[in-house]
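Read off the chains here:
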Amino acid sequence: MTPEKESNGHDNYAFALEGRFCDLPEKADDLDSSIDGDCNKLAYIVTDAPPWYLCILLGTQHCLTAFGGIIAIPLILSQGLCLQLDGLTQSYLISTIFFVSGICTLLQVTFGIRLPILQGGTFTLLAPSMAMLSMPEWTCPAWTQNASLVNTSSAEFVEVWQSRMRALQGSILVGSLFQVFVGFSGLIGLFMRFIGPLTIAPTIALIGLSLFDSAGSSAGSHWGISSMTTALIILFSQYLRHIAMPFPKYSRDKKLHTSRVYVFQILPVLLGITVSWLVCYILTTYNVLPADPEHYGYLARTDLKGEVIGRAPWLTFPYPGQWGMPTVSLAGVVGILAGVISSMIESVGDYHACARLSGAPPPPKHAINRGIGIEGLGCLLAGAWGTGNGTTSYSENVGALGITKVGSRMVIVASGVLMIVMGILGKVGAVFTTIPSPVMGGMFMVMFGVICAAGVSNLQYTDMNSSRNIFIFGFSMFSGLVIPNWIIKNPKAIATGVLELDQMLQVLLTTSMFVGGFFGFILDNTIPGSKQERGILAWNKAHEDDSSETLESGEVYNLPFGISSSLSSVSWIRYIPFCPPGMPHALEPKQPLGNPESGQISIGVGL
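Since this is a predicted model, take the numbers as computed values, not measurements. All residue numbers refer to position in the chain's written sequence, counted from 1. Whole-chain, interface and lining totals are the exception, using all residues; otherwise, since this is a predicted model, local features are given only for residues with pLDDT of at least 70 and side-chain atom pairs are given and counted only at 80 or more. Only heavy atoms go into the side-chain values, all of them from the structure, while hydrogens and water stay out.

The next point concerns the state of the cysteines. One covalent bond between the sulfur atoms of two cysteine residues makes up a disulfide. A pair of cysteine sulfur atoms is labelled a disulfide when the two atoms are within 2.5 Å. The tally for this structure, following the rule as stated, stands at one disulfide. For C82, the disulfide goes to C140, at an S-S distance of 2.1 Å. On the sign convention where negative is left-handed, the bridge of C82 and C140, at about -100° about the S-S bond, is left-handed. Of the two residues, C82 sits in the loop between α2 (52-80) and α3 (87-111) while C140 sits in the loop between α4 (123-133) and α5 (155-185), which places them 58 residues apart along the sequence. In this structure, C82 and C140 share a single accessibility class: buried. For helices the rule is a DSSP run of H or I covering at least 4 residues; for strands it is a run of E covering at least 2, with both sets numbered from the N terminus onward. Working definition: with a 1.4 Å probe on protein chains only, accessible area under 20% of the residue-type maximum means buried, over 50% means exposed, and in between means partly exposed.

Take a look at the structure:
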């Protein structure tokens, strides 16, 4: 979720590499010097094609890295959609978001930015979506929260949640058209001229802060279980990340032997959830957890949605319009637009970070325009299929590139295919719905905290000894918390006499990220301050855009299947913002992107 990653991922690694790559040092004291040396080399660069089995293994890892964020979104949305008691529909939503994320990943890697970057649901659209669903006309009826009164198959209940989903779909569809236009028209460069760290920091930070209520509600259903989940994730990701575990491995030279794998660093969220899930299952089996819905701790049981797995079909095929014809409201569209703008800003930073970690040159302007446009197209598909969300680049997986030292985009292609398969297998989505609420709450505590800190980290580019910057950031953050909180408590305070305007202001002013980002944007661009003080110079340097066309750049970012070659002879193609201009004939090739030598990489993956 972070708009930019300073760490290049080379201070950590999770695999023991052999041959021409690097071996783990025998002594811990030699770790840093070893990493600064040969271990900085990539095993596979962006244009390489690793062996098929390696693509599957690392593609699976990327899916597991992203799964926490992907499944969290429909589970949080289910609260606003009145689906807390309908596990089967929740499983359909999870399957749909996996399916669409897989399609969008393949589109992005093939026709978009063409870097190894995964696509998935975005929390930037979750905040305005929840604000929209909290409006008085979309408040869930009281009977939908009572298990004894809810018949999930009744026409009345189905209409309750589907009407809300259709309203979300329509808003996302229209909002995504704006992103498509900005991307393919090249206007993203104009946007970035006026948006600096003091706008991005409160915007991203308030995404995490605005979701504290969802995290608290889930974690509060059993603080013991949620605290255990949080503690396990912290233990695995922070304290045990440098501890290697032996795993069996087979190679022709050494036959069957063991290899050290930094499994805690690779899959901390998955391991933490799995252990807590298992503990809840044991406590449920021995009836340690209460069986009475009125008692505290009931929601920690694993058998609450046990019938969902049996009822879910083995195969399910999500399709556009599966929840009915989308409806459009001005208030919803304007709120989604605020999230779309934030998502675009994040993605630009992710593109540059991904290029550095995958051994690619800085992305040229036409590639960035195409990437943003394809993300908008992905949001359009998400709205049509009805995920209740959009898609964006997953920076968690960008960080994984620095860990694995495998920057090949073929690995992400394998991830996209795997997510499509997971979306078709209905039982997979059903299994995820059985995760107890406090276990998810423990994960939210970590995830939303990291999102908040990632936003604040953008202040590293600014001069925070400046009273100007301290005022702008502090006022933006505080306003982003105070104003939405007051509007939620006083929903009738906005009464302009125009219903559509009232609804639009209601959504915008209850979306913390919009309020904070708006004040940050206005104040940063109006209060006098030098570019160095504002962090613009450091920000631009970190996002340095090499728009020069080289053979090296063209190899990575040009369109596939010979499309760029076919268009290179057309003189007017240079005026299309998302098409690579023709390559000059006199241009000399640069050094190869990476070492073309062949070598054997042996990897142990702990799942």
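Having seen it, we continue.
Before going further, it helps to spend a moment on the pattern of salt bridges. Criterion for a salt bridge: a side-chain nitrogen of Lys or Arg within 4 Å of a carboxyl oxygen of Asp or Glu. As enumerated under the stated definition, the model contains four salt bridges in all. In this structure, D524 engages R534 in a salt bridge whose closest nitrogen and oxygen atoms are separated by 3.2 Å. Residue D524 is located in helix α21 (residues 512-526), and its partner R534 is located in helix α22 (residues 531-534); the two are separated by ten residues in the primary sequence. Both residues of the pair, D524 and R534, count as buried. It is possible to trace a salt-bridge network through shared partners that takes in R468, D524 and R534.

Core analysis: the biggest nonpolar cluster contains 94 residues, and L115, F123 and F448 have the highest contact counts within it. The biggest single contributor to this core is helix α13 (residues 330-357), with twelve residues. Among the buried residues, those of types Ala, Val, Leu, Ile, Met, Phe, Trp, Tyr and Cys that are joined through side-chain atoms within 4.5 Å form a nonpolar core. Counting residues in each nonpolar core, the second largest holds ten residues, with A205, I472, F473 and M477 among its members.

Take the packing of aromatic side chains next. Working definition: rings of Phe, Tyr and Trp (its six-membered ring) pair if their centres are within 6.5 Å, and the pair is stacked with planes under 30 degrees apart, edge-to-face with planes over 60 apart, and tilted otherwise. Evaluation of the coordinates by the stated rule reveals eleven aromatic pairs. Seen from their ring centres, W143 and F157 are 6.3 Å apart, and the 65° between their planes marks the pair as edge-to-face. Taken together, the positions of W143 in the loop between α4 and α5 and F157 in helix α5 put the pair 14 residues apart, joining distant regions of the chain. Take W143: its relative accessible area is 24%, and that puts it in the partly exposed class. Ring centres of F475 and F519 lie 5.3 Å apart, and the angle between their planes is 80°; this geometry places the pair in the edge-to-face category. Placement of the pair is F475 in helix α19 (residues 467-489) and F519 in helix α21, with a sequence separation of 44 residues.

Okay, the packing of α3 against helix α16 (residues 409-424) next. Lines fitted to C-alpha atoms define the axes, with helix axes restricted to the stretch in contact, and inter-axis angles between N-to-C directions lie between 0 and 180 degrees. For the pair α3 and α16, the least separation of the axes is 7 Å and the interaxial angle reads 155°. Relative to α16, the element α3 lies roughly antiparallel. As α3 runs across α16, the sense of the crossing is left-handed. Along the contact surface, α3 presents S95, F98, F99, S101, G102, I103, T105, L106 and V109, while α16 presents R409, I412, V413, G416, V417, M419, I420, M422, G423 and I424. Every angle not falling under 35 degrees, over 145, or within 65 to 115 is termed oblique; those three ranges are roughly parallel, roughly antiparallel and roughly perpendicular. Left-handed describes a crossing whose near helix is turned anticlockwise from the far helix by less than a right angle; the clockwise case is right-handed. Two residues qualify as a contact provided that any one of their heavy atoms is within 4.5 Å of a heavy atom in the partner residue.

Another aspect to go through is the packing of α5 against helix α14 (residues 365-385). Two numbers describe how α5 lies on α14: the axes approach to 7 Å, and their chain directions differ by 165°. Considering the angle they form, α5 stands roughly antiparallel to α14. Like other packed secondary-structure pairs, α5 and α14 cross with a definite hand, here left-handed. Of the residues that constitute the contact of α5 with α14, the class distribution is twelve nonpolar, eight polar and two charged. Put simply, Ala, Val, Leu, Ile, Met, Phe, Trp, Tyr, Cys and Pro go in the nonpolar bin, Asp, Glu, Lys and Arg in the charged bin, and everything else, Gly too, in the polar bin.

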